[in-house]
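Chain residues, written in single-letter form:
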Amino acid sequence: MATKLLALTCIRKERFSERYPVVRKHLIRSRGGGSPSESAVLEIDEEVVSRAVFRVLGMTCSACAGSVEKAIKRLPGIHEAVIDVLNNRAQILFYPSSVNVETVRETIEDAGFEASLIENEANEKSKQVCRIRINGMTCTSCSSTIESVLQSVHGVHRAHVALAIEEAEVHYDPRLLSYDKLIEEIENAGFEAVLISTGEDVSKIDLKIDGEFADESMEIIERSLEALPGVQNVEINGGSDKVSVLYKPDVTGPREFIRVIESTVFGHSGHIKATVFSEGGAGRESQKQEEIKQYYKSFLWSLVFTVPVFLTAMVFMYVPGIKHLLMFKVINMLTIGEIIRWVLATPVQFIIGWRFYVGSYKALRRGSANMDVLIALGTNAAYFYSLYTVLRAATSPDFKGVDFFETSAMLISFIILGKYLEIMAKGKTSQAIAKLMNLAPDTAVLLTLDEEGNVSGEEEIDGRLIQKNDVIKIVPGAKVASDGYVLWGQSHVNESMITGEARPVAKRKGDTVIGGTLNENGVLHVKVTRVGSESALAQIVRLVESAQLAKAPVQKLADRISKFFVPLVIFLSFSTWLAWFLAGKLHWYPESWIPSSMDSFELALQFGISVMVIACPCALGLATPTAVMVGTGVGASQGVLIKGGQALERAHKVNCIVFDKTGTLTMGKPVVVKTKLLKNMVLGEFYELVAATEVNSEHPLAKAIVEYAKKFRDDEENPAWPEARDFVSITGNGVRATVKGREIMVGNKNLMSDHRVNIPADAEELLAEAEEMAQTGILVSINSELIGVLAVSDPLKPSAREAISILKSMNIISIMVTGDNWGTANSIAREVGIDSVIAEAKPEQKAEKVKELQASGHVVAMVGDGINDSPALVAADVGMAIGAGTDIAIEAADIVLMKSNLEDVITAIDLSRKTFSRIRLNYVWALGYNLMGIPIAAGVLFPSTRFRLPPWIAGAAMAASSVSVVCCSLLLKNYKRPSKLDHLKEIREVQVDRA
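Residues numbered from 1 in each chain as written. Predicted model: local features only at pLDDT ≥ 70, side-chain atom pairs only at ≥ 80, totals over all residues. Heavy atoms only, no water.

(A) Structural detail: the side chain of Ser610. Take Ser610: it is sitting in helix α19 (residues 600-614). The class for Ser610 is buried, based on a relative accessible area of 0%. Leave out the neighbours within four places in its chain, and Ser610 touches Ala937, Leu949, Pro950, Pro951 and Ala954. (Helix = DSSP H or I, 4+ residues; strand = E, 2+ residues; numbered from the N terminus. Buried < 20%, exposed > 50% of the residue type's maximum accessible area, 1.4 Å probe, protein only. Contact = heavy atoms within 4.5 Å.)

(B) Main features of the UniProt feature "transmembrane region" (unreviewed entry) in the protein chain. Look at the UniProt record and you will see "transmembrane region" (unreviewed entry) annotated at residues 298-319, 339-357, 369-388, 408-425, 564-583, 603-623, 923-943 and 949-972. Helix makes up 82% of residues 298-319 and strand 0%, with an end-to-end C-alpha separation of 30 Å. For residues 564-583, helix accounts for 100% and strand for 0%, while the C-alpha atoms at its two ends are 28 Å apart. (UniProt positions renumbered as here; feature names shortened; annotations may be inferred.)

(C) Geometry of the sheet that holds strand β19 (residues 483-488). Across the sheet, which stays open at both edges, the 6 strands sit in the order β17-β16-β18-β24-β19-β22 with antiparallel pairing between neighbours. For this open sheet the edge positions go to β17 (455-462) and β22 (512-513), each flanked by a neighbour on one side alone. Pairing geometry for strand β16 (residues 443-449) and strand β18 (residues 471-474), over 3 bridges, is antiparallel. Among the inter-strand pairings, Leu446 is bridged to a residue of β18, identified as Ile472. (Pairing = 2+ DSSP bridges.)

(D) Molecular detail of a negative patch on the surface. Side chains of Asp180, Glu184, Glu187 and Glu192 sit close together on the surface and give a patch of like negative charge. Considering each element in turn, the negative patch owes the most residues, 3 residues, to helix α6 (residues 179-188). The residue Glu187 is located in helix α6 in this model. Assessed through its relative accessible area of 41%, Glu187 is described here as partly exposed. (Patch = residues over 30% accessible without salt bridge, like charges linked within 9 Å, V, L, I, M, F, W, Y side chains within 5 Å. Areas by Shrake-Rupley, 256 points an atom, 1.4 Å probe, with all protein chains shown as cover. Salt bridge = Lys/Arg side-chain N within 4 Å of Asp/Glu carboxyl O. Lys, Arg positive; Asp, Glu negative; His and termini not counted. Charge placed at Lys NZ, Arg CZ, Asp CG, Glu CD.)

(E) The arrangement of the nonpolar core in detail. Counting 145 residues, the largest nonpolar core has Ile657 and Phe659 as the members making the most contacts within it. The dominant element in this core, judged by the number of residues it contributes, is helix α32 (residues 903-938), at 13 residues. Once residues within four sequence positions are removed from consideration, Phe659 is found in contact with Thr664, Leu665, Ile804, Leu807, Ser814, Ile815, Met816, Val817, Ile834, Val863, Leu902 and Val905. In this structure, Val260, Ile466, Ile472 and Val528 belong to the second largest nonpolar core, which totals 34 residues. (Core = buried A, V, L, I, M, F, W, Y, C linked by side-chain atoms within 4.5 Å.)

(F) Here's a closer look at the packing of helix α12 (residues 354-365) against helix α13 (residues 371-395). For the pair α12 and α13, interaxial distance at closest approach is 8 Å and the crossing angle is 125 degrees. Classified by the angle between their axes, α12 and α13 sit oblique to one another. As α12 packs across α13, the resulting crossing turns out to be left-handed. In this structure, α12 contributes Arg355, Phe356, Tyr357, Gly359, Ser360, Ala363 and Leu364 to the contact, and α13 contributes Asp372, Val373, Ile375, Ala376 and Asn380. In terms of residue class, the contact of α12 with α13 is built from 7 nonpolar, 3 polar and 2 charged. (Axes fitted to C-alpha atoms, helices over the stretch in contact; angles between N-to-C directions. Parallel < 35°, antiparallel > 145°, perpendicular 65-115°, else oblique. Left-handed = near helix turned anticlockwise from the far one by under 90°. Nonpolar A, V, L, I, M, F, W, Y, C, P; charged D, E, K, R; others polar.)

(G) Spotlight on the sheet that holds strand β37 (residues 895-897). Taken together, 7 strands build an open sheet; the order of strands is β25-β37-β36-β35-β26-β33-β34 and the sheet is mixed. Strands at the two margins of the open sheet, each flanked by one partner only, are β25 (640-642) and β34 (836-838). Going from strand to strand, the sheet's axes swing by 20 degrees on average, the running direction of each strand aside.

(H) Structural view of helix α8 (residues 254-263). For α8, the set of buried residues is Pro254, Phe257, Ile258, Val260 and Ile261. Looking straight down α8, one finds its buried side chains confined to an arc of 165 degrees; they lie on one side. (Arc of directions from axis to C-beta.)

(I) Structural view of the environment of Ile472. Within the secondary structure layout, Ile472 lies in strand β18. For Ile472 and Ala444, which are 28 residues apart along the polypeptide, the C-alpha to C-alpha distance reads 6.9 Å. The residues contacting Ile472, other than those within four sequence positions of it, are Val445, Leu446, Leu447, Ala481, Ser482, Leu524, His525, Val526 and Val528.

(J) Spotlight on the pattern of salt bridges. By the definition in use, this model includes 26 salt bridges. For Glu764, the salt bridge identified is with Lys749, shortest N-O distance 3.3 Å. With Glu764 in helix α26 (residues 761-772) and Lys749 in helix α25 (residues 749-754), this residue pair connects regions lying 15 residues apart in the sequence.

(K) Layout of unusual backbone geometry. A positive phi is found at Asn469, a non-glycine position, where the angle reads about 75 degrees. Assignment of secondary structure puts Asn469 in the loop between β17 and β18. You will see that Ala774, though not glycine, has its phi angle at about 60 degrees, which is positive. Residue Ala774 is classed as buried on the basis of its relative accessible area, which comes to 9%.

(L) Structural context of the packing of α32 against helix α34 (residues 951-970). Packing of α32 against α34 brings their axes to within 9 Å, and their N-to-C directions diverge by 175 degrees. Looking at the two axes, α32 sits roughly antiparallel to α34. Residue-level contacts link Arg918, Leu921, Asn922, Trp925, Ala926 and Tyr929 of α32 to Ala954, Ala957, Met958, Ser961, Ser964, Val965, Cys968 and Ser969 of α34. Of the residues contributing to the contact of α32 with α34, the split by class is 9 nonpolar, 4 polar and 1 charged.

(M) Main features of the pairing of strand β35 (residues 860-864). Of all 5 residues that make up β35, 5 are buried, and the element is covered over most of its length. Covered by surrounding structure in β35 are Val860, Met862 and Gly864 together with Ala861 and Val863, the residues of both alternating faces. Direction of pairing for strand β26 (residues 656-659) relative to β35: parallel, over a ladder of 4 bridges. Across the sheet, Cys656 pairs through a bridge with Val860, a residue of β35.

(N) Here's a closer look at the packing of aromatic side chains. By the definition in use, this model includes 25 aromatic pairs. A centroid spacing of 6.0 Å and a plane angle of 90 degrees characterise the contact between Trp593 and Phe942, whose relative ring orientation is edge-to-face. Of the two residues, Trp593 sits in the loop between α18 (555-585) and α19 while Phe942 sits in helix α33 (residues 942-945), which places them 349 residues apart along the sequence. Classification of Trp593 by relative accessible area gives buried; the value is 16%. Exposure remark for Phe942: the relative accessible area of 3% places this residue in the buried category. Grouping aromatic residues by their ring pairs yields a cluster made of Phe350, Trp354, Tyr357, Tyr383, Phe384 and Phe405. Over the ring of Tyr295 we find Arg355; its NZ or CZ atom is 4.4 Å from the centre of that ring. (Phe/Tyr/Trp six-rings, centres within 6.5 Å; stacked < 30°, edge-to-face > 60°. Lys NZ or Arg CZ within 6 Å of the ring centre and 35° of its normal.)

(O) Representation of the confidence of the model for the protein chain in the model. On average, residues of the protein chain carry a pLDDT of 79, and 84% of them reach 70 or more. Every residue in residues 1-47 is under pLDDT 50, and counting partners more than four places away or in other chains gives 59 contacts. (pLDDT = per-residue confidence, 0-100.)

(P) Representation of the pairing of strand β12 (residues 242-247). Most of β12 is tucked away: 5 of the 6 residues are buried. The sheet contact formed by strand β10 (residues 203-211) and β12 spans 6 bridges and is antiparallel. Considered in β12, the bridge of Ser203 is made with Tyr247. The sheet contact formed by strand β11 (residues 231-236) and β12 spans 5 bridges and is antiparallel. The residue bridging Ile236 from the neighbouring strand is Val243, located in β12.

In structure tokens, the structure reads:
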């Protein structure tokens, strides 16, 4: 597989150099005549040039292409730009030192078109992805600022910052900078950064050493571990008993580290023991819990001070005895009540509210403004005006003024309460990931085998100590500790926690099992194939996390608003105060409007503060990411893995679905049902030649033929077939090879016609008969003479017809595209109810069909499972890969259907529609809240109704708006699949039982 991909890469580079001779000339000059296909990176004047390909939607004519080309070429560092209107492609040559792909993409979108990156051909060694946890973000302005800071760092290809999960994913060139530099840049911007993962092909484990040992003993341990093959780095903090080891899991593992540590002799030191170190839920969850505790503690302390302030200002002033005490004058006009409120409000303002000062300082230092700035300005205005009234009252015998200490204290208390509730709610949006991560069992039973493969012993070990090629025992009721395949035993395994499929799956020798699934009724011996970050569970977690980091295009609305939202609010707040103040001074409204406890200045000040604190940029920033987080999490629990907000947004618009046939509409497990020889030949010899040729192919039909051929070799489970020389796979037609000196061709009529092999009439009749029965006819020739005809049947998936019927009821067009012959394709299409069919299509023709549908105005989804579907999956607006398909198809897709059931196509589209509907609702609420709340806070209702919004109520409303948006997104957790799918599930289970 790797060889094929390398060959494809080389061919692509050669064509690229032919298209751009100038580039090729410089490349040859710089390398002394080396081939341009030797590297994916082109060197021009000793500077790296990268190639990126974008999908550009919205271009209708050459004028559109011209405007895109001009916009791109205006950017610094662009070497060449080629725009293909027909295929909606833009191919860009650029200098990464001057411009990055994200800047190019934004430039295309600023020109009025939708752009998404398809391919970026920088040297793979120059790409690394790290994930960083960021603490201190409060709103979209913060995440946008960090994104801009990271994008501006030399060597960063692109960066995504997710406010909802407080993480950043950075694609960068490790040759130009390290992740330490990225963390430094984030911290310089005023935020706390913690590295989560580096993206390197290594694993990390922390070990705790118990026992008596000296400092020199730790040095010996460090040197001993560093000497082991596969160990990348060893860290021992001075005076600590913890050892961190960075290692390659393919080469070594944690049990080897423990053995080395415990077998090291320290002279006078006593016996030591090493165990896996656990910080009790370290990582994002512990960080979130710590943050929740901090806000809860801050809120309780704020209540201690704020409640008395509120009582003295709002309640006790109406209790006769207490009112007299509070109004007692201490110095001049300064009362006991004012002193109490001043003393109690000060700790709330400057100790509990210190976080807002820090956040404001950091935001203003980097030239931006966020929610902290609004809160700090609003509370400071109330506090320092109140302080002014206290000082005036103490120094003046006739000053009369009202303090607003309760406003600043209650504002801070309500905002902290809102943040506490918001973080609690946001934590629930990521519960899907937490549940997935908790699936892995804590312990495992490790088996020891003798030379003959018999079990000689067993030992219970920590689940984190499992290594590749271990053999583990899974008893009934236990979870499978790691990915692998069954060596011995048979059972049923419940895989619902991974695939969403509730029906237990039968497992026997040779079958694969997934870590975290539940063994039900038998004992299994499993050989471990994947551990740590390579496991299916870890990959699913990583995919869901990446999906939650990726921004949906609709998020751009919030990002654009956030750039001017806070400055606009500050301007409106000042304008509100000024307007009411001037109106009072100029007597534009009657004095009866002014409350008895205030003057016109104080009334204007309250209106201004209310405007400042009611505006909520947080609700806008959380509208999209929280819904995407919940939606992708719900999808994962249903066995539908959605790769980000962009896939969600496009999926809800899908109105046309293109289905591959083999493995998608059919079971993908074809079997040979008929063989007809046209010449006298022993059937066993015939199948030996055919299997020797087909064993080199990865096509499902080839595998079916090889499997059938094994029946003629009963003595061997995995027979050795004769050597096939000069093997050639002709895409879409078949294969050719030389076996035992004879040229063998296995394929369709086109293959035979291209090589001038005569097809007799009886062979034509056999092919037509097979096609009428929805079977695939395969021809076999030996030395250019047709020898036999095979009929291969691939049964339809249960409920395939019903799934297509439901899609029709959803006004979605279904089309089948297959490389199979027209007769078989039409028969299958009739069975499932598909009207439009394209047969005998090569991979590139599948992609072309997708482009034709897009050009006619359809939003196209492609559902496939094989390597030959990858071009179409990439070309489609939404690519859906069957989970049982190839890794390349899954990599190329936007959505992965883990259960390989067609009803999950419906689930994916329905879930995307529900999620996007929730995003719209969030935006309606967030925008509507600000558009209605700000005018009310500014006092537009006051002249007619005398209704005004006190600042502390405005602050409570602001806090409630963020919580309401998150709670609205959380309602998606109650998502139920369309009721029609329950009937489909029953049909599928009945058909499986019959089978």
